[in-house]
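Below, each chain spelled out in residue letters.
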Amino acid sequence: MDRLGTLVSLARNGHGSALLVRGEAGIGKTTLLEEAVRDLGGVRVVRADGFEAESAMAYATLQRLGAPFAHLVRLLPERQAAALRIAAGVEPGPPPDRYLVGLGMLSLLAAAAEHEPIVCVVDDAHLADAESLEVLAFVARRLQAEAVTLILSARPDPGIDRATAGVASLDLAGLEPSAATQLLHRSVQGAIDPLLAKRIADETGGNPLALIDLGRAFSARELTETTLASTPVPIGERLERHYLERVQTLGRSCQDWLLIAAAESTGDLALIEDAAARLALPADSAAEAERADLVVVRSSVAFRHPLVRAAVYNGMPGADRRRIHEVLAAVADDRGRADLAVWHAAAAAIGIDEVLAGRMEELADAAGGRGGSASRSHLLARAADLTPLGAVRDARLLASAEAAAEAGAAHLALEQLDRLDVDGLDPVSKGRALLLEVTLAMFVADPQGITHGTATLLRSAELFHGLAPELEQRALLQAFEVDLTSEWAVRSGTLRELGERLAAGAHVTDGPRSLALAALSSFILDPYEDAVPAMRGAVEALLGAEDAELLDAGYFGVALTMGLWDEATCVRLLERQAEAARDAGALRILDTTLWLLSLVELVHGGAVASGRYAEQVRELRRAIGYDAEQVVNAAYFAWSGAPIAVVVQIADAVRASGFIGAWTVAMSALSSRDVADGNYREAYERSLPMIRREYLQVTFQQIPDFVEAGVRSGMGEEVRFAVERLVMFADVSATPWIRGLAARSAALLAPDDEAEAHYRSAIDHLEQSTARGDLGRAHLVYGEWLRRMKRRREAREQLRTALSVLNRVGSAAFEARARRELEATGEHVPVHGADEVGIAALTPQEASVARMAAVGRTNAEIGSALFISVNTVDYHLRKVFRKVGVTSRRQLSERLPTD
């Protein structure tokens, strides 16, 4: 009670909070919630319970919770408002991502709380549909500065725990022994021995309703006799049997009425009365059940204890249950409740029923059209159960698996795939199953599935060939991306064979994917100078794509832009993709995109920017209930100065899971770290196997460190070929980044009378790029050269610039090297950290809000980008202003450091 009271008080004071209350049936969760809210007062209470009959009806619970605030939807940002309306089925449109629905619900509750504090109570959350539960959990995790409290009540359930990960919880147990015995004494008629009362209290676990029911159902003498005979105290299944015996003493019509009420789990009184009328039950049947103290009938019907409903429903013969469900299905149909009608019809069905299966498939498609992928999956799986063996059944199972994967339920999707008769599938369906198999392998980090993924996807593409050209091209692009993931660990085929298959797939149809496949195949198969035009053409097509096309394109653009040494366009494309994902609420795409941005920034030494993206990934995963502490980037740790042994340990764990590409990035970062630390021989030996095992743009970006390590360790001639290759890249691609890197590398090998021109050229070019880390390193090596040339004053200028740049980008190891070099010139260098103490004190979310506000983003835009409400943005901005010591966004933009 105290904790619930605190939450309600927070809402009254404008602070958002949420709590999951877990407890077994009979612990009194609902009563506790209602009493807490009623006693405290001063808030508006909105309640929406979960019902078994609605568990596969997408957004059913959410609709009822949001219904009182429907008039406020018009005040929300249009994308959020549209998402809510489509999810509710009141407006047509493309299926919204459930996280966009979640942001809309968060904004709706925040708008409602502007008028009065809101307390939302959802009882039996374990029975709510998956979409509603996921949205409510999202809202619970994002409540911060809204006058809203959300309380979810559920029985202990692993599914609930997964869906509500990250939400504060409270486990309700039974009463303490003394309180339990007192309650039993008050409830039972007659005196009961205290020792026997304690034994009964212990056996019930202090369950209040069980103790009260025992007191009502048995006299003190009967309980004493039971206890003295050493027979079990009648709780749980035994108490359920007791309730069934009570039900069986009632008249037949009352029993039928109770069965109708038990079967119609939503408690819809009108539906129950219509069904009773169809069965010609007497009008007083409900009254008899109330007099027996088994139900409470008001605007809806509620059983006084879950075990009463269980006793009624489970105790009746199966034929009677099916008869009642058939009647309820007919009544629901008459009332226009097709979803409820299908649910009851399914409960009444035995064996195969193709007509009903067809109706369930229609309902599944409707759920999918509102963004209810999880509900669609469950409905299609049930439809498959009602379908005869054959192609139609397999089609429903495959569609169920795809919907489950879309909902993030990977293990459910795998279960449905296992049920398929693969030999009986047509080629396109087989291809879809293989495509899904690899997607799920990536999702659950299955090493074998990942390393065999390229071959699996090429088989999928062959099955699509001549039948489904768009799917063929999609499979081929995914094969390339999976190949990037597994690199040299690919279990079958060669990169050249992949390139040849991509080239063949480029011609099966026209469109953006054709350009992409042609560019990628040319990148793999052709000399670099011949591949560049096709690569640039595909990148231009991506730059001109609509947001929806960009979200559907995947990430081949990273390979092409980095292959072109165009880091600026790579980041620009990924940033656009991230923005489109935010707008669409596609948080899983956003998660991957931010992760890639974090890795790309490290390629040119931007550790601060990389860390910001990684923190956005953590914040995003907190919002969707994933373990944010699992966001571990080994390469970032290497750049940030973590112990090398720790980085290697993390990288090896990543490699063991099949993500070889991420391991390679980590090894490349360690090579850079070795160069920074002066461990040149180690850097050379670490890089050499990766250089020899060439893999497209991944190897390209390893060459500059390989060159510096080789030159510094006396292996200049051995790395000369690598410098020549960089010069070739610079001549062909001619971006500022590669021209700067080629000049920097050439300077290291050049004789002293030629080196300076190369150093200056490197700096000039890199200043035109966004690769600030590489710019800092260019100043560093130039400064080192000047010091060796005894030109100390000029050396200090270059080294000071290097130190400043490397500090800003967060390249700790190279910054330390620059400091050592500067001190070697005789200059005292104070150790410094962040430019501003106040800025350093910002939390990650405050820093994100501050950066967006500093570049002119509105509160609404910031809220949509970070998946928080406008109230929370305003709350964070006030804290930012106070910490940084500013009073306006203009001042904030002047104080924030730039990379």
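See the structure above.
Note that the coordinates shown come from a computational prediction; the quantities given were computed from them, not determined experimentally.

Student: Looking at this structure, I do not really get the environment of Phe-706. What am I missing?
Tutor: Along the polypeptide, Phe-706 turns up in helix α40 (residues 703-712). What makes Phe-706 buried here is its relative accessible area of 0%. Each C-alpha atom of the pair Phe-706 and Met-105 lies 52 Å from the other, and the pair is 601 residues apart in sequence. Ignoring anything within four residues of it in the chain, the contact list for Phe-706 reads Tyr-684, Ser-687, Leu-688, Ile-691, Val-719, Phe-721 and Ala-722.

Student: Any chance you could explain a nonpolar patch on the surface here in plain terms?
Tutor: On the surface, a cluster of nonpolar side chains totalling about 250 Å² of accessible area is made up of Phe-443, Val-444 and Tyr-626. Structurally, Val-444 is set in the loop between α23 (427-443) and α24 (447-451). Among the residues examined, Val-444 registers a relative accessible area of 32% and is labelled partly exposed.

Student: Just checking my understanding: could you explain the pattern of salt bridges for this structure?
Tutor: Opposite charge on two side chains makes pairing possible when the charged atoms of those side chains draw close. Per the counting criterion, the structure on display carries 61 salt bridges. For Asp-320, the salt bridge is made with Arg-252, and the minimal N-O distance between the two is 3.3 Å. In this pair, Asp-320 sits in helix α17 (residues 318-334) while Arg-252 sits in helix α13 (residues 252-263), placing the two residues 68 residues apart along the sequence. On the basis of relative accessible area, Arg-252 is assigned to the partly exposed category, the value being 43%. Connected via shared salt-bridge partners are Asp-705, Glu-708, Arg-712, Arg-777, Glu-784 and Arg-817.

Student: Explain the pairing of strand β4 (residues 148-154) here, please?
Tutor: Residues in a regular strand project their side chains so that they alternate between the two faces of the sheet. Judged by how many residues are buried, β4 sits mostly within the fold: seven of seven residues are covered. In β4, alternate side chains face the same way, and those of Val-148, Leu-150, Leu-152 and Ala-154 on one face and Thr-149, Ile-151 and Ser-153 on the other are all buried. In the sheet, strand β1 (residues 17-22) pairs with β4 via six bridges, with the strands oriented parallel. What sits directly across from Arg-22, in β4, is Ala-154. Two strands pair when backbone bridges link them, and strand β3 (residues 118-122) and β4 are joined in this way by five bridges, in the parallel orientation.

Student: Before we go on, may I ask you to explain the packing of α13 against α17 in this structure?
Tutor: Two measures define how a pair of helices packs: the angle their axes make with one another and the distance between the axes. For the pair α13 and α17, interaxial distance at closest approach is 10 Å and the crossing angle is 65°. Relative to α17, α13 is oriented so that their crossing is right-handed. Contacts from Arg-252, Asp-256, Leu-259, Ile-260 and Ala-263 in α13 reach Asp-320, Arg-321, Arg-323, Ile-324, His-325 and Leu-328 in α17. Residues belonging to the contact of α13 with α17 are distributed by class as follows: five nonpolar, one polar and five charged.

Student: Would you take a moment to explain unusual backbone geometry for this structure?
Tutor: Comment: phi is negative for the bulk of residues other than glycine, and the bulk of peptide bonds are trans. In this structure, Tyr-59 is a non-glycine residue whose phi angle is positive, near 65°. Topologically, Tyr-59 is positioned in the loop between β2 (44-47) and α3 (60-66). Within the chain, Phe-867 stands out as a residue other than glycine whose phi angle is a positive 60°. Structurally, the position occupied by Phe-867 is in the loop between α49 (859-866) and α50 (870-884). Residue classification places Phe-867 among the buried residues on the basis of a relative accessible area of 1%.

Student: It is not clear to me how the sheet that holds β1 should be interpreted in this structure. Could you clarify?
Tutor: Strands in a sheet are paired, the pairing made by backbone hydrogen bonds, and the direction either parallel or antiparallel. Pairing is parallel in the open sheet, where five strands are placed in the order β2-β3-β4-β1-β5. Strand pairing shows two members of the sheet lacking a second neighbour, β2 and β5 (169-171), which therefore form its edges. Each neighbouring strand pair of the sheet contributes to a mean axis angle of 20°, computed without reference to strand direction. Across four bridges, β2 lies against β3 in parallel orientation. When the sheet's bridge partners are listed, Arg-47 is paired in β3 with Val-121.

Student: I tried to follow the side chain of Asp-591 on my own but got confused; where do I start?
Tutor: With respect to the secondary-structure elements, Asp-591 resides in helix α33 (residues 587-603). Side-chain polar atoms of Asp-591 contact the side chain of Arg-621, separated by 2.6 Å. Not counting residues up to four positions away in its chain, the partners in contact with Asp-591 are Val-617, Leu-620 and Arg-621.

What counts, and where the lines are drawn
- Residues numbered from 1 in each chain as written.
- Predicted model: local features only at pLDDT ≥ 70, side-chain atom pairs only at ≥ 80, totals over all residues.
- Heavy atoms only, no water.
- Helix = DSSP H or I, 4+ residues; strand = E, 2+ residues; numbered from the N terminus.
- Buried < 20%, exposed > 50% of the residue type's maximum accessible area, 1.4 Å probe, protein only.
- Contact = heavy atoms within 4.5 Å.
- Patch = residues over 30% accessible without salt bridge, like charges linked within 9 Å, V, L, I, M, F, W, Y side chains within 5 Å.
- Areas by Shrake-Rupley, 256 points an atom, 1.4 Å probe, with all protein chains shown as cover.
- Salt bridge = Lys/Arg side-chain N within 4 Å of Asp/Glu carboxyl O.
- Pairing = 2+ DSSP bridges.
- Axes fitted to C-alpha atoms, helices over the stretch in contact; angles between N-to-C directions.
- Left-handed = near helix turned anticlockwise from the far one by under 90°.
- Nonpolar A, V, L, I, M, F, W, Y, C, P; charged D, E, K, R; others polar.
- Polar contact = N/O pair within 3.5 Å; in protein donor to acceptor, adjacent residues only side chain to side chain.

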